[in-house]
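# Examination of the molecular architecture
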Amino acid sequence: MITLLLPFLALGASAKPHWPRIFTTIKDKFSIRMWLSITQACTETELLREAIHHAEGRDCHDDGKSRLESTLADTIRDKKTFVVLDDMWTAAKWNDVLKASFSYVARGSRVLVTTRDDRVARSMKAQYLHHVDYLGPQDAWTLLKKEVIATERDQLEIDTLKDIGSNILGRCGGLPLAIKVIGGLLRQRSINIVEWERVLDNPAWSIDGMPEELNHALYLSYDDLPPHLKQCLIYYSLIPQKTNISPDQLIEMWISEGLVSSRYSDDLEQIGRDYNEELIMRNLIQPYKECIGHSHYVMHDVVRSFCQYMVRDEALEARMGEGGIGSSLLSHKFRFLSIGVESGSDELEWSVLQNQSSLRTLISCCPIRFKHNDSLSRLSRLRTMHLENADFIPLLADHLGELKLLRYLTIESTQISSLPDTIGQLKFLQHIGLSGCEKMVRLPNGIVKLKQLRSVYLGEAVNIIPKKFGELTNLRKILNFPANMDGGANGWCTLEELGPLSQLRDLSLKGLENVHPSSLAAKAMLRSKKHLGRLALKCSSIIEDDGGSVKRVVTEEEERHIEEVFAELCPPGCINHLTIDGYFGRRLPEWVMSMTGVSLERLRILELSNLALCTQLPNGLCQLPCLEILIVLHAPAIKHVGPEFMRHTHKHNNKRHSRVSVSFPSLKKLIFIEMVRWEEWEWEWECEELLEAMPVLLELTLKCRSLTQLPPGLSFYARALKMLNLQDVHCLYYLENLPCVVELSLECCHSVKRITNLPSLQKLAISCCSRLSVLEAVPALRYLNLQSSGMRRLPRYLRGLNLTRLYLCCDLPLLCSMALGKSTYDWNKFCHIRRVEAHTHNGPNGIFTVTYTRDPCYLETNISSALFNLLGRRWLCTLCK
């Protein structure tokens, strides 16, 4: 891999830039930053639209290369820009597509390119080239051990295999991805010389015919997979990138294609999740981001290319706007077709797809145009059809019944208003997805005939479901099931239809305020559902956008009614993720408040949001042995959290036993947001029961404008707390005595004056905390990010800090003052810091910066002398007076 910088965007006088210094200042020095992945399949218009999206933060719907080039040029004109062109295979994408637009950027802009071919570097006339070395033997061995070792015993055993391990690593060519993939393979084997020799001697290392860019280690790892995982991995690689297809939906596709099976269990969704975990363990897919209760994953481009190469004759993964899609569809019959979308691309004609008579899977995320003479009959072999943003006309919807083999049907974000009753003819259908279909109000009567149905994703607008829905006893997942009053002669179902659905694993109910009478909720029989893992109970929120007021007055009768409804919706003990949203009773149901009569021993995640009238948090949560995440969002009526929140409700006669009681034994993340009237959190460090509390809490987030102080018990008991985030805590005056916090973020905490005695603190971010004047007893603090508008002078506390980095965002006059260096009044406040990076966004011509390093000592700025004289010196004179 080669990295290069283009000559007309040179780095300056130095022939060789200091790379760490460059990368640590990118965010603060450049007003526009973009990372563009230049894949071989990337089209010219797609690349231009992606660049515009990064520059403006919005999608561009212009058509044509020339218009897009003009839009990009106008967007970045006279702005300091940093762009990364990652994985360039040819210089044409720069010379013929981007170069003209980027000629309008401000002086000092940079273009960084990575490529595997040094001829690309020469063609782009780069001034500086940096050849990235392959991993050396020791680094490669360290990485391999990291991927293989699971226990201390493994550490001892693997050291005896270093010689054979080095031979295996020699075949990986020093490539980190290849080493990680081989490490994932070896992790599945016993750590002994026989197993490792089998890997070393595998003939896959010498297979012929593979493209040069695809490493043989990938083939070896792929070849080691059992057949079902090979198919799942390839299926994964064909999902369009940058789509909203969730891991759960992917697993449902696997199931529909028959890739997930078991002779011992009918919980195919869990088996699919196990498949997914094994692919992660083998480093073939990687976790990307963790949401509450959900994970998202990505596949490396090289792994994706390899998988698509393996099925190149049977599958096509393409994007609208690419040249040759139409001809490929007309000249070749595929079994798998996946079409992604670039912003603003043309619509796809359905007639082009009708010739794909062998098609089993169709995934399209691009707009599709249907005509009245279009048909579904030629796609009779389809098992999976996932359409997003398609103009699905009613006439074509009426022919869905022709897809006799269909198992997975998703029609998302379309204007379709109904499904035909003939959908009941799809006897094999297992999944229906209607998310984002805003005109879809009711489900067809024929849906009750789909006895194989496993999952239903309903749109927010759906509020009528036909009677006999409860006969679909194979259902595992229902999202956004509408709760209605007794349907009676109207012909729609109520919560009573959920009673027979004993196989449910995931259920969300909406509109629970509409349940009448309240006794009808009991007929859902939630407590008897022994497999239910995730449950969401939702009412329409009555809280205004300001978070502190309600949209309407709730009568006492309405309060009493909703409390009775929720009392009847007690979940089973197997629940692990519970959400309560929009509840407007004065008190949460008893099964939440005190855990009496119900055991939620498996509950891992609890989300309580939009609790308009609740005045008290549940007391029994501290007893839950598995609770890892607790979120309270928008609870404007809570003013006080007392010690009962932390204490067990039961009492011990045996004093010795009480000493070992633990409150919140597994809690790792605690979030309180928009509790606008919460003033006091009462939790003393010396409790009567001598509890151990929150022993593994890692992260605490508070956004509570009226809270006056953090409880003493937090610092005494929460000894594992590493991250503390405080936002809009307007009444907090000081922060002290938190021995374990490593990262602290303060945002808009306007009253905070003092931070002291945080001995483990390493990173601190302060934004809009203008009254902070004391920051001391933080010996480990090395990184400080300080943002404040209206700050006239640097804070005095900087003198006493042993910082490695100071990042400062301030107004232009203060920046000009700092640019004077030793002549400025504030010089002794920052001259001892190893590196200072200061910038402002409110300058007349974009971003201005000042950079200072202590060793070697130098200071640089991009502030012009004229502006400097106008603002900087005038500001200093004001300070001296």
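These numbers come from a predicted model, not from an experiment. (Residues numbered from 1 in each chain as written. Predicted model: local features only at pLDDT ≥ 70, side-chain atom pairs only at ≥ 80, totals over all residues. Heavy atoms only, no water.)

### Brief notes about the overall build of the protein
Along the protein, the regular secondary structure elements total 25 helices and 39 strands. In the protein, which comprises 881 residues, the share counted as buried stands at 53%. The long-range share in the protein, meaning contacts at least 24 apart out of those at least 6 apart in sequence, stands at 59%. Of the roughly 39100 Å² of accessible surface on the protein, 49% is carried by carbon and sulfur atoms. (Helix = DSSP H or I, 4+ residues; strand = E, 2+ residues; numbered from the N terminus. Buried < 20%, exposed > 50% of the residue type's maximum accessible area, 1.4 Å probe, protein only. Contact = heavy atoms within 4.5 Å. Areas by Shrake-Rupley, 256 points an atom, 1.4 Å probe, with all protein chains shown as cover.)

### Focus on the packing of helix 2 (residues 44–56) against helix 4 (residues 92–102)
Contact geometry for helix 2 and helix 4: axes closest at 10 Å, N-to-C directions at 60 degrees. Of the possible angle classes, the one that applies to helix 2 and helix 4 is oblique. The handedness of the crossing between helix 2 and helix 4 comes out as right-handed. On helix 4, the residues that touch Glu44, Leu47 and Leu48 of helix 2 are Lys93, Val97 and Leu98. Per-class residue counts for the contact of helix 2 with helix 4 are four nonpolar, no polar and two charged. (Axes fitted to C-alpha atoms, helices over the stretch in contact; angles between N-to-C directions. Parallel < 35°, antiparallel > 145°, perpendicular 65-115°, else oblique. Left-handed = near helix turned anticlockwise from the far one by under 90°. Nonpolar A, V, L, I, M, F, W, Y, C, P; charged D, E, K, R; others polar.)

### Side note on helix 8 (residues 162–170)
Taken residue by residue, helix 8 has Ile164, Gly165, Ile168 and Leu169 as its buried positions. Buried positions in helix 8, seen along its axis, are confined to an arc of 145 degrees and lie on one side of it. Opposite the buried face of helix 8, at more than 90 degrees from it, the exposed residues are Asp163 and Gly170. Check the buried side of helix 8 and you find it contacts helix 6 (137–148), helix 9 (176–187) and helix 10 (193–200). (Arc of directions from axis to C-beta.)

### Describing the pattern of salt bridges
Counted according to the given criterion, the structure contains 29 salt bridges. The salt bridge involving Glu195 is made with Arg189; its shortest N-O contact spans 3.3 Å. You can call Glu195 buried: its relative accessible area is 17%. The exposure class of Arg189 is partly exposed, given its relative accessible area of 22%. For Glu590, the salt bridge is made with Arg587, and the minimal N-O distance between the two is 3.3 Å. Judged by its relative accessible area of 38%, Glu590 falls in the partly exposed class. Taken together, the shared-partner salt bridges connect Arg189, Glu195, Arg198, Asp224, Glu278 and Arg282 into one network. (Salt bridge = Lys/Arg side-chain N within 4 Å of Asp/Glu carboxyl O.)

### Remarks on the pairing of strand 22 (residues 629–633)
Here strand 22 lies mainly inside the structure; four of its five residues are buried. Bridge count between strand 21 (residues 605–609) and strand 22: five bridges; the pairing is parallel. Note that in strand 22 the partner of Ile605 across the bridge is Ile629. (Pairing = 2+ DSSP bridges.)

### Some remarks on unusual backbone geometry
In this structure, Pro517 follows His516 across a cis peptide bond, with omega equal to -10 degrees. As for its placement among the helices and strands, Pro517 is situated in the loop between strand 18 (506–510) and strand 19 (534–538). The omega torsion of the bond from Asp855 to Pro856 falls at 0 degrees, within 30 degrees of zero and hence cis. Within the element layout of this structure, Pro856 appears in the loop between strand 38 (846–853) and strand 39 (858–861). The backbone of Asn610 sits at a positive phi, close to 55 degrees, despite the residue not being glycine. Secondary-structure assignment places Asn610 in the loop between strand 21 and strand 22. Positive phi, normally seen in glycine, also occurs at Asn757, with a value near 60 degrees. Tracing the sequence through the fold places Asn757 in the loop between strand 32 (754–756) and strand 33 (763–767). A relative accessible area of 34% means that Asn757 is categorised as partly exposed.

### As for the environment of Ser103
In this fold, Ser103 is placed in the loop between helix 4 and strand 4 (110–115). Assessed through its relative accessible area of 47%, Ser103 is described here as partly exposed. Residues Ser103 and Arg77, spaced 26 residues apart in sequence, show a C-alpha to C-alpha distance of 8.5 Å. At 2.5 Å, the side chain of Ser103 and the backbone oxygen of Ala100 are in polar contact. (Polar contact = N/O pair within 3.5 Å; in protein donor to acceptor, adjacent residues only side chain to side chain.)

### Digging into the sheet that holds strand 34 (residues 774–776)
Read from one edge to the other, the open sheet built from three strands follows the order 30-32-34, with strand pairing classed as parallel. Edge strands, defined here as strands with exactly one partner in the open sheet, are strand 30 (734–736) and strand 34. Neighbour-to-neighbour, the strand axes of this sheet turn through a mean angle of 5 degrees, independent of strand direction.

### Some points on the packing of aromatic side chains
Applying the stated criterion across every chain yields a total of 17 aromatic pairs. Seen from their ring centres, Tyr219 and Tyr222 are 6.5 Å apart, and the 45 degrees between their planes marks the pair as tilted. With Tyr219 and Tyr222 both in helix 11 (residues 216–224), this residue pair falls three residues apart, about one helical turn. The exposure classification of Tyr219 matches that of Tyr222, with both residues buried. (Phe/Tyr/Trp six-rings, centres within 6.5 Å; stacked < 30°, edge-to-face > 60°.)

### Concerning the side chain of Ser663
Note that Ser663 resides in strand 24 (residues 662–663). Judged by its relative accessible area of 0%, Ser663 falls in the buried class.

### Some details on the environment of Asn757
In sequence terms Asn757 and Glu776 are 19 residues apart; their C-alpha atoms lie 6.7 Å from each other. Apart from the residues within four sequence positions on either side, Asn757 is in contact with Glu736, Asn737, Leu738, Glu776 and Ala777.

### Things to note about the confidence of the model for the protein
In the predicted model, the protein carries a mean pLDDT of 83, and the fraction of residues at 70 or more is 86%. Averaged pLDDT values for the elements of the protein fall to 43 in helix 21 (residues 655–659) and rise to 97 in strand 19. Across residues 5–24, confidence stays below pLDDT 50; counting only partners more than four residues off in sequence or on other chains, it has 43 contacts. Below pLDDT 50 for its whole length, residues 651–660 participates in eight contacts with residues either more than four positions away or in separate chains. (pLDDT = per-residue confidence, 0-100.)

### Looking at helix 19 (residues 556–567)
Taking 1.5 Å per residue, 12 residues should reach 16 Å; helix 19 reaches 16 Å between its end C-alpha atoms and fits that length. Residues of helix 19 that are buried: Glu559, His561, Ile562, Val565 and Phe566. Down the axis of helix 19, the sector holding all buried residues measures 165 degrees, keeping them to one side. Facing away from the buried side of helix 19 by more than 90 degrees, the exposed set consists of Glu556 and Glu557. Considering only its buried residues, helix 19 is in contact with strand 19, strand 20 (577–581) and helix 20 (590–593). (Expected span 1.5 Å × (residues − 1).)

### Some thoughts on the packing of helix 6 against helix 8
The angle between the axes and the distance between the axes are what describe a pair of packed helices. Relative orientation of the contacting elements helix 6 and helix 8 amounts to 105 degrees, with a least axis distance of 10 Å. Considering the angle they form, helix 6 stands roughly perpendicular to helix 8. Residue-level inspection shows Gln138, Ala140, Trp141 and Leu144 of helix 6 in contact with helix 8, the latter providing Lys162, Gly165 and Leu169.

### Remarks on the pairing of strand 8 (residues 315–319)
Most of strand 8 is tucked away: five of the five residues are buried. Side-chain alternation along strand 8 places Ala315, Glu317 and Arg319 on one buried face and Leu316 and Ala318 on a second face that is also buried.

### Digging into the side chain of Ser364
When you line up the elements, Ser364 lands in strand 11 (residues 361–364). Residue Ser364 is classed as buried on the basis of its relative accessible area of 1%. In this structure Ser364 touches Ile339, His386, Leu387 and Glu388, once residues within four positions along its chain are discounted.

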